[in-house]
Amino acid sequence: MSDTSSNQMWGGRFAEGPDAIMEAINASIGFDRRMAAQDIAGSRAHAAMLAATGILTDNDVDAIREGLLTVLSEIEAGTFQFSTALEDIHMNVEARLKEIIGEPAGRLHTGRSRNDQVATDFRLWVRDQFDAAETGLIALIRALLAQAEAGADWVMPGFTHLQTAQPVTWGHHMMAYVEMFGRDLSRVRDARARMNESPLGAAALAGTSFPIDRHMTAQALGFDRPAANSLDAVSDRDFALEFLSTASICAMHLSRFAEELVIWSSAQFRFVTLSDRFSTGSSIMPQKKNPDAAELIRAKVGRIFGANTALMMVMKGLPLTYSKDMQEDKEQAFDAADNWMLALAAMEGMVRDMTGNRDALAGAAGSGFSTATDLADWLVRVLNLPFRDAHHVTGKLVAMAETKGCDLSDLTLDYMKSVHADITADVFSVLTVENSVNSRMSYGGTAPQRVREQIARWTDLLG
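Residues numbered from 1 in each chain as written. Predicted model: local features only at pLDDT ≥ 70, side-chain atom pairs only at ≥ 80, totals over all residues. Heavy atoms only, no water.

Within the protein chain one finds 19 helices and 6 strands. For the protein chain, whose C-alpha radius of gyration is 31 Å, the value lies well above the compact-globule estimate of 23 Å for 463 residues. On the principal axes, the C-alpha backbone points of the protein chain span a range of 100 × 55 × 40 Å. Among the 463 residues that make up the protein chain, the fraction classed as buried is 50%. Intrachain contacts of the protein chain at a sequence separation of at least 6 include 75% that bridge at least 24 residues. Of the accessible surface of the protein chain, which amounts to about 21,300 Å², a share of 52% is contributed by carbon and sulfur atoms. On the protein chain, the mean spot of the 43 positive side-chain charges and the mean spot of the 60 negative ones are 3 Å from each other. (Helix = DSSP H or I, 4+ residues; strand = E, 2+ residues; numbered from the N terminus. Rg over C-alpha atoms; globule rule 2.2 N^0.38 Å. Buried < 20%, exposed > 50% of the residue type's maximum accessible area, 1.4 Å probe, protein only. Contact = heavy atoms within 4.5 Å. Areas by Shrake-Rupley, 256 points an atom, 1.4 Å probe, with all protein chains shown as cover. Lys, Arg positive; Asp, Glu negative; His and termini not counted. Charge placed at Lys NZ, Arg CZ, Asp CG, Glu CD.)

Encoded structure:
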């Protein structure tokens, strides 16, 4: 493929081609070649519509279709020669098409512009990424459901401020992440539905005088409808911004869970054991088993957040319609998508393979006076104390246990009566972590029965 064809692609406006610096800053083929399949799909749909509307002959369109399939096969086989001088994936494909089929290739661009072409390609590519994210999220949620079901009644400490708060169950903790990633799944589906409009046929910005059928091309490409305003169609990148913002929120959730797995797998916690498949060793410390996959997931959020911010900055000052600034949209989305999909897959693998250490979880569940709230609730429920008074009494009992170096359940009844004379032996019935979690029967609570109900609900939702 000859680079001299670049001047012909630009038309007669320019007597000389761009110099090396302009070529380097202007070209996007180094990254937008990733949209080759989407570009060719859009061109084939456009060509079919041009034949159906009588704008091109069937013979020309048949040649274009076959030629485009040849180009696609070359790209997929890795034999296609990309040219920087031809700027982008659109010109590279069209130039090669001309080499294959000759004059009919020049008619393919009838009724469209690179502006609506790239908007269509990018939209198709982002839609594919939303579909991949949906698949990844469903797999991760199923892995979490399996963990929750296995440990629906395992007791463990619940934390606020990373301090022991109240006992919860392992299943309840896993289901908290099911809810988070479930919201991410909802955002993915919602954003995909909103973006599913076709820009093709908006042309440069004003539409076209050719009698095209935009509904036909929209349907052929799996869009719900054509975009309703040609100015907006070529200049809109909300779909990419929604993709990046959705990815950012999900990456934040992944990072939170990764942080917990890093902490939980430490020798100080021993809450979980990560599989060798998602851990590494140390070059000099043979006892080490490092949670590298979790740490790298935690780090990915920076790149994804950065991509979201970068595209916001690109778009924030652009007047209608298309500006070359918008060429900077793709690298951000490509990088974010790669890292999001990798992080989802790694987290799903870690969750499926990890083992919750039930004994360590249970041993930690009763530490830090985790049943103090149960004691306060008992004082309210049985002795009819105002909660603030019950809170004060419980605080004094916690201080007493702390001084004696024991847990609340280890205090004698006499010691408890010295703080409040009406306390009875029945109080000890609420000071075990098992009774604590079993009593949390409110909707969404940590009681194993409630956890299993939520597992069943999500299992039904996923089908």
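So, about the environment of G30. Of note, G30 is situated in helix 3 (residues 29-32). With 36 residues separating them in the primary sequence, G30 and E66 have C-alpha atoms 26 Å apart.

Counted under the stated rule, the structure contains 12 aromatic pairs. A centroid spacing of 6.4 Å and a plane angle of 55° characterise the contact between F159 and F269, whose relative ring orientation is tilted. Of this pair, F159 sits in strand 1 (residues 155-160) while F269 sits in the loop between helix 11 (238-264) and strand 5 (272-273), and the two are 110 residues apart along the sequence. The positively charged end of R33 is found above the aromatic ring belonging to F82, 4.2 Å away from the centroid. We note R34 situated over the ring of F334; from NZ or CZ to the ring centre the distance is 4.9 Å. (Phe/Tyr/Trp six-rings, centres within 6.5 Å; stacked < 30°, edge-to-face > 60°. Lys NZ or Arg CZ within 6 Å of the ring centre and 35° of its normal.)

Turning to the pattern of salt bridges, a few remarks are in order. A complete count under the given rule lists 27 salt bridges for this structure. The partner of R194 in a salt bridge is E242, with the nearest N and O atoms 2.6 Å apart. Remark: E242 occurs in helix 11 and R194 occurs in helix 8 (residues 170-195); sequence separation between them is 48 residues. With a relative accessible area of 44%, R194 lands in the partly exposed category. In this structure E242 comes out as partly exposed when scored by relative accessible area, which is 23%. The closest approach of N and O atoms between R450 and E453, which form a salt bridge, is 2.9 Å. Taken as a pair, R450 and E453 lie in helix 19 (residues 448-462) at a separation of 3 residues, close to a single helical turn. One network of salt bridges, with partners in common, ties together D60, E103 and R107. (Salt bridge = Lys/Arg side-chain N within 4 Å of Asp/Glu carboxyl O.)

This part is about unusual backbone geometry. That bond from L320 to T321 is cis: its omega, 5°, falls within 30 degrees of zero. Residue placement: T321 occurs in the loop between helix 12 (292-315) and helix 13 (329-353).

Moving on, we come to the confidence of the model for the protein chain. Detail in the predicted coordinates should be disregarded across regions flagged by low pLDDT. Across the protein chain, pLDDT averages 92, with 94% of residues at or above 70. Contacts from residues 1-6, a stretch scored under 50 in pLDDT, to residues over four places away or in other chains number 15 contacts. (pLDDT = per-residue confidence, 0-100.)

When you line up the elements, V301 lands in helix 12. Separated by 39 residues in the primary sequence, V301 and W340 place their C-alpha atoms 8.4 Å from one another. If we ignore the near neighbours within four places in the chain, the residues touching V301 are A251, M252 and S255.

Now for the packing of helix 7 (residues 114-150) against helix 19. The N-to-C vectors of helix 7 and helix 19 enclose an angle of 155°; their axes lie 10 Å apart at closest approach. Classified by the angle their axes make, helix 7 and helix 19 are roughly antiparallel. Helix 7 and helix 19 meet at a crossing whose hand is left-handed. Residues I138, I141, R142, L145, A148 and E149 of helix 7 form the contact with helix 19, whose participating residues are I455, W458, T459 and L462. Here the residues of the contact of helix 7 with helix 19 sort into 7 nonpolar, 1 polar and 2 charged. (Axes fitted to C-alpha atoms, helices over the stretch in contact; angles between N-to-C directions. Parallel < 35°, antiparallel > 145°, perpendicular 65-115°, else oblique. Left-handed = near helix turned anticlockwise from the far one by under 90°. Nonpolar A, V, L, I, M, F, W, Y, C, P; charged D, E, K, R; others polar.)

This part covers helix 6 (residues 89-101). An ideal rise of 1.5 Å per residue puts 18 Å on 13 residues; helix 6 measures up with 18 Å between its terminal C-alpha atoms. Looking at helix 6, one finds that the buried residues are I89, H90, M91, N92, V93, E94, A95 and L97. Sitting at the head of helix 6, D88 places a side-chain oxygen 3.1 Å from the backbone nitrogen of H90. G102 sits one or two residues past helix 6 and shows a positive phi near 80°. (Expected span 1.5 Å × (residues − 1). Polar contact = N/O pair within 3.5 Å; in protein donor to acceptor, adjacent residues only side chain to side chain.)

Taken N-terminus to C-terminus, the directions of helix 7 and helix 13 make an angle of 15°; their axes are 9 Å apart at the nearest point. By the angle class used here, helix 7 and helix 13 are roughly parallel. For the pair helix 7 and helix 13, the crossing hand works out as left-handed. Along the lines of polarity and charge, the residues of the contact of helix 7 with helix 13 split into 18 nonpolar, 3 polar and 5 charged.

Walk down a regular strand and you will see the side chains alternate between the two sheet faces. Alignment of strand 1 against strand 2 (residues 163-169), held across 5 bridges, turns out to be antiparallel. Across the sheet, the residue bridging to V155 is T169, located in strand 2. (Pairing = 2+ DSSP bridges.)

This paragraph deals with the nonpolar core. For soluble globular proteins, nonpolar side chains are generally found buried alongside one another. Ranked by size, the top nonpolar core spans 77 residues in total, and within it L254, F257, W264, W340 and M347 carry the most contacts. Listing elements by their share of this core, those giving two or more residues are helix 7, helix 8, helix 11, helix 12, helix 13, helix 14 (358-365) and helix 19. Here this core gets 15 residues from one element, more than from any other, and that element is helix 11. Setting aside residues up to four positions removed in sequence, W264 forms contacts with M156, W170, H173, M174, F257, F269, R270, F271 and V272. (Core = buried A, V, L, I, M, F, W, Y, C linked by side-chain atoms within 4.5 Å.)

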